[in-house]
Amino acid sequence: MFRSHTCGELRESHINQKVTLSGWVQKTRDKGFVVWVDLRDRYGITQLVFDEDRTASALLDQARSLGREFVVQVEGEVIERASKNANIPTGNIEVLVENLTVLNSSKTPPFTIENETDGGEDLRMKFRYLDIRRNPVKNNLIFRSKVTMEVRKYLAEKSFIEVETPYLIKSTPEGARDFVVPSRMNEGQFYALPQSPQTFKQLLMVAGMDKYFQIVKCFRDEDLRADRQPEFTQIDCEMAFVEQEDILNVFEGLTRHLLKEINGVEISAFPRITYDDAMRIYGNDKPDIRFGMEFAELNDVAQHKDFNVFNSSELVVAIAVPGAASYTRKEIDALIDWVKRPQIGAKGMVYVKYNEDGSYKSSVDKFYDQEDLAKWAEATEAKPGDLICVLSGEMNKTRTQLSALRMELASRLGLRKPNEFAPLWVVDFPLLELDEETGNYHAMHHPFTSPKPGQLELLDTDPGAVRANAYDLVLNGNEIGGGSIRIHDKGVQETMFKHLGFTPEEAKAQFGFLMDAFQYGAPPHGGIAFGLDRLVAILGGQETIRDFIAFPKNNSGRDVMIDAPAPIDQEQLDELNLKLNNIEVTE
Ligand code: ASP
């Protein structure tokens, strides 16, 4: 028996008991006549004691020779500590060791296994198994496990069935590139790894499974943006015989269940906002509504003077920044530089200080009088002491720019509080999105999403205006889930593919199996998928999803621990009948 107790378990009630513990040596303190060792496992730390009076000298020497991260087993007696440590749950006791077995030695770890470590990100990723021994990382993984357990509990209780779908499949269109896997047995042919189990979960509805879920890996070969992972986990769900309202209710319930069980927060009905309103009021389809700073469109009250910048703009739009009228000239200039950075791309920014005394001071005093500025203040609901920031230009671009400014200022002002949760549904998304470069429309969600009732005809005349039965769940400015009511009619699905630029042959080749299935009694159905990594990070009050993934990839999509991706042998290439052009196969 390696242990009778864990290292986090012993209390004063165990005093005088003989126990066996196993774990890692966190640290050793040698005072000469007495040696203390902190023994650690997943559950906590127990202090071991060896001393000249009570410990055989060979055993004392053995204790002295222990290095950091040695794996040891000890037998001994639980005793009361002379000097107690109120900071840890085992702080009132220690174990007087009678027997010590070194189960394994350890090289000195490349960084300290402490809450605050001296190891940089790269080093910690290379030795992730050591990083996971640290409390912050370990606790995040435990937290994640707790979240997934609660997800399963809630969905099982609602009669969902967990079904595994294959990883070696054919392309599913979620808008990214596929990772592909060559097939040795089918020369020249490739599997694609699923970007999501979308088509399979729809087939499970045709199959009569009624309520499906899966906590599942998805793979998307995207150019890596900060904190995106090429493989990530979804809570993927689908239900038959449902309308949008049914889906929103069930999954609002799931989110509420998690917030309550995990965070102890009770939230009443989630607000709903249409996509158009979200764009108009927040310039963003995943608005953070923990703070105000809602957009006010100023065209009516700002385009009547000789200020050409505004007069020639499609949109003049502003936010009131609480308490920021006290910003110095230098601070405001820095803000203007910030919006002019290429990443944001604004041409400039007009500002109005709404002074505490009720007067206004603006960067456009030459054009606008106090009465004009008062109207802007009214529109933005500014209060004395606020700073009104105004951007102008082409509508969509300007909204995006002001949204970026709104989020930046909210972060700077500490308004994005990690322990405050503000979920909302964004509904009525456009069905199609115009690709500015190619001039083609593509599905905003995916090609299986149904248009709103009665809008199918609009596809021919005004495709951009067609709204979809599609919805996103947004939490604290992050899209944590998205889904739709699906097309379940073969003819409608064919029409949809046509509008997306597929020839009938292409559609059949790629999705014939789904359209065939629709001929055998496909029920009305719909679903949603949550991004588990991000959801867990937000519930955990953090932003970085990598911190909640046991073995994440870095920003270049590499696993630096196992060193992947990596070249493969010529022999393997030959077996797969693959020829690499212009690539030196190294190693
Ligand atoms: N498959 C979709 C996605 O991955 C989610 C859904 O429509 O259920 O975003």
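Just so it is clear, the model here is predicted, and its values are computed rather than measured. Residue positions within a chain follow its written sequence, with the count starting from 1. Only residues with pLDDT of 70 or above have their local features reported here, since the model is predicted, and side-chain atom pairs are shown and tallied only from 80 upward, although totals for entire chains, interfaces and linings are computed over all residues. Calculated side-chain values reflect all of the structure's heavy atoms, with hydrogen atoms and water omitted.

A look at the overall build of the chain
Cut-off, in case you're wondering: Note on conventions: DSSP H or I runs of at least 4 residues are helices, E runs of at least 2 residues are strands, and numbering of each starts at the N terminus. Here, residues are in contact when the closest pair of their heavy atoms is within 4.5 Å. Every accessible area reported is derived by Shrake-Rupley at a probe size of 1.4 Å, with residue values counting cover from the shown protein chains alone.
Helix and strand content of the chain: 17 helices and 22 strands. Considered along the principal axes of its C-alpha atoms, the chain spans approximately 90 × 75 × 55 Å. Residue pairs in contact within the chain that sit at least 24 positions apart in sequence constitute 65% of those at least 6 positions apart. A total accessible area of about 29100 Å² is found for the chain, and carbon and sulfur atoms account for 49% of it.

Topic: the pattern of salt bridges
Cut-off, in case you're wondering: When a carboxyl oxygen of Asp or Glu lies within 4 Å of a side-chain nitrogen of Lys or Arg, that pair is called a salt bridge. Exposure is judged per residue with a 1.4 Å probe applied to protein chains only, and the accessible area is read against the type maximum: over 50% gives exposed, under 20% gives buried, and values in between give partly exposed.
Scanning the model with the defined rule gives 41 salt bridges in all. Between D51 and R54 there is a salt bridge whose closest N-O contact spans 2.7 Å. Under the relative-accessibility criterion, D51 is labelled buried at 9%. When its relative accessible area of 47% is taken as the criterion, R54 is described as partly exposed. Each of E121, R124, R128, D131, R134 and R546 takes part in a single network of salt bridges with overlapping partners.

Here we look at the sheet that holds strand β11 (residues 272–274)
In any sheet, the strands associate via hydrogen bonds between backbone groups, in a parallel or an antiparallel arrangement. Stated precisely, the cut-off is as follows: For two strands to pair, DSSP has to find at least two bridges joining them. Interaxial angles span 0 to 180 degrees and are taken between N-to-C directions of axes, which are lines fitted to C-alpha atoms, for helices over the stretch in contact.
The strand order across the open sheet formed by 8 strands is β6-β9-β10-β22-β21-β20-β17-β11, and the pairing between neighbours is mixed. The sheet terminates laterally at β6 (161–162) and β11, the two strands that pair on one side only. Inspection of the sheet shows strand β10 (residues 231–240) paired to strand β22 (residues 525–531) by 7 bridges, in the antiparallel sense. Across the sheet, residue M239 finds its bridge partner in β22, namely G526. Sheet strands in contact with helix α6 (residues 244–263) are β10, β11, β17 (423–427), β20 (470–475), β21 (478–485) and β22, and its direction is about 25° off that of β22.

A short note on the pairing of strand β9 (residues 211–219)
Within β9, 7 of the 9 residues are buried, which leaves it mostly tucked inside the rest of the structure. Pairing of β9 with β10 involves 9 bridges; the strand directions are antiparallel. By the bridge assignment for β10, F219 is matched with E231.

As for the site of the ligand
Spelled out, the test is: To be near a molecule or strand, a residue needs just one of its heavy atoms within 4 Å of it. N or O atoms closer than or at 3.5 Å make up a polar contact, with two conditions inside protein: a donor-capable atom paired with an acceptor-capable one, and, for residues adjacent in sequence, both atoms drawn from side chains.
Around the ligand, a shell composed of 14 residues is seen, among which E174, Q198, K201, H445 and R486 lie nearest. Here H445 contributes a side-chain N or O atom positioned 2.7 Å from an oxygen atom of the ligand. Residue assignment for the shell around the ligand shows that the elements contributing at least two residues are α5 (198–206), β21 and β22. No other element matches the 3 residues that β22 contributes to the shell around the ligand.

A closer look at the UniProt feature "binding site: L-aspartate" (unreviewed entry) in the chain
Definition in use: UniProt positions are given in the numbering used here, feature names are shortened, and annotations may be inferred rather than shown by experiment.
Per the UniProt record, "binding site: L-aspartate" (unreviewed entry) is annotated on E174, R220, H445 and R486. Among the structural elements, H445 can be located in the loop between β19 (441–443) and α13 (458–461). Once residues lying within four places of it in the same chain are set aside, the contact partners of H445 are E174, G482, G483, S484 and R486. At a separation of 3.5 Å, a polar atom in the side chain of H445 contacts the side chain of H446. Of the residues examined, R486 reaches a relative accessible area of 2% and is grouped as buried. A distance of 2.7 Å separates polar atoms of two side chains, one belonging to R486 and the other to E238.

Digging into the packing of aromatic side chains
The test is simple: Under the pairing criterion, centres of Phe, Tyr and Trp rings, with the six-membered ring standing for Trp, must be within 6.5 Å; the plane angle then separates stacked pairs below 30 degrees from edge-to-face pairs above 60, leaving the rest tilted. Put simply, a charge is over a ring when the Lys NZ or the Arg CZ is close to the ring centre, within 6 Å, and near the line of the ring normal, within 35 degrees.
Taken as a whole and assessed by the stated rule, the structure comprises 19 aromatic pairs. With 6.2 Å between their ring centres and 70° between their planes, F127 and Y129 make a pair best called edge-to-face. Taken together, the aromatic side chains of F307, F310, F367, Y368 and W376 make up a single cluster linked through ring pairs. Taking NZ or CZ as reference, K126 lies 5.9 Å from the ring centre of F127, over its face.

Some thoughts on the UniProt feature "domain: Aminoacyl-transfer RNA synthetases class-II family profile" (unreviewed entry) in the chain
Mapped onto the present numbering, the UniProt feature "domain: Aminoacyl-transfer RNA synthetases class-II family profile" (unreviewed entry) falls at residues 144–552. Taken end to end, residues 144–552 is 33% helix and 21% strand, and its two terminal C-alpha atoms sit 14 Å from one another.

Examining the side chain of N299
Note that N299 resides in helix α8 (residues 299–302). What makes N299 buried here is its relative accessible area of 18%. A distance of 2.9 Å separates the side chain of N299 from the backbone nitrogen of V316, its partner in a polar contact. Not counting the four nearest positions on each side in its chain, N299 is found in contact with S313, E314, L315 and V316.

Here we look at the environment of R290
Along the chain, R290 falls in the loop between α7 (275–282) and β12 (296–297). Overall, the relative accessible area of 12% leaves R290 in the buried class. As for R290 and L415, which are separated by 125 residues in sequence, their C-alpha atoms are 7.3 Å apart. Those residues in contact with R290 that sit more than four places away from it in its chain are L415, R416, K417, P418, E420, A422 and N476. Side-chain polar atoms of R290 contact the side chain of D288, separated by 2.6 Å.

Concerning the sheet that holds strand β14 (residues 350–354)
Spatially, β12-β13-β16-β14-β15 is the arrangement adopted by the 5 strands of the open sheet, whose pairing is antiparallel. Of all the strands in the sheet, the pair left with one neighbour each is β12 and β15 (360–362). Judged from the 4 bridges that link them, β14 and strand β16 (residues 387–393) form a sheet pairing that is antiparallel. In the sheet register, K353 faces β16, and the bridge partner there is L387. Where helix α10 (residues 329–340) meets the sheet, its contacts fall on β14 and β16, and the angle it forms with β14 comes to roughly 145°.

Things to note about the pairing of strand β5 (residues 93–104)
Along a regular strand, successive side chains alternate from one face of the sheet to the other. Here strand β3 (residues 44–51) pairs with β5 via 2 bridges, running parallel. Counted as the bridge partner of V49 is L96 from β5.

Some thoughts on the nonpolar core
Most often, soluble globular proteins have nonpolar side chains that are buried together. Quick reminder of the rule: By nonpolar core we mean a set of buried residues, namely Ala, Val, Leu, Ile, Met, Phe, Trp, Tyr and Cys, connected to one another through side-chain atoms within 4.5 Å.
Core analysis: the largest hydrophobic core is formed by 41 residues, its most contacted members being V147, L155, F251, W425, F530 and L539. Each residue touching L155, except ones within four places of it in the same chain, is listed here: F160, F213, I235, C237 and F251. Judged by nonpolar contacts, the second largest core, of 26 residues, contains L315, Y327, L405 and A410.

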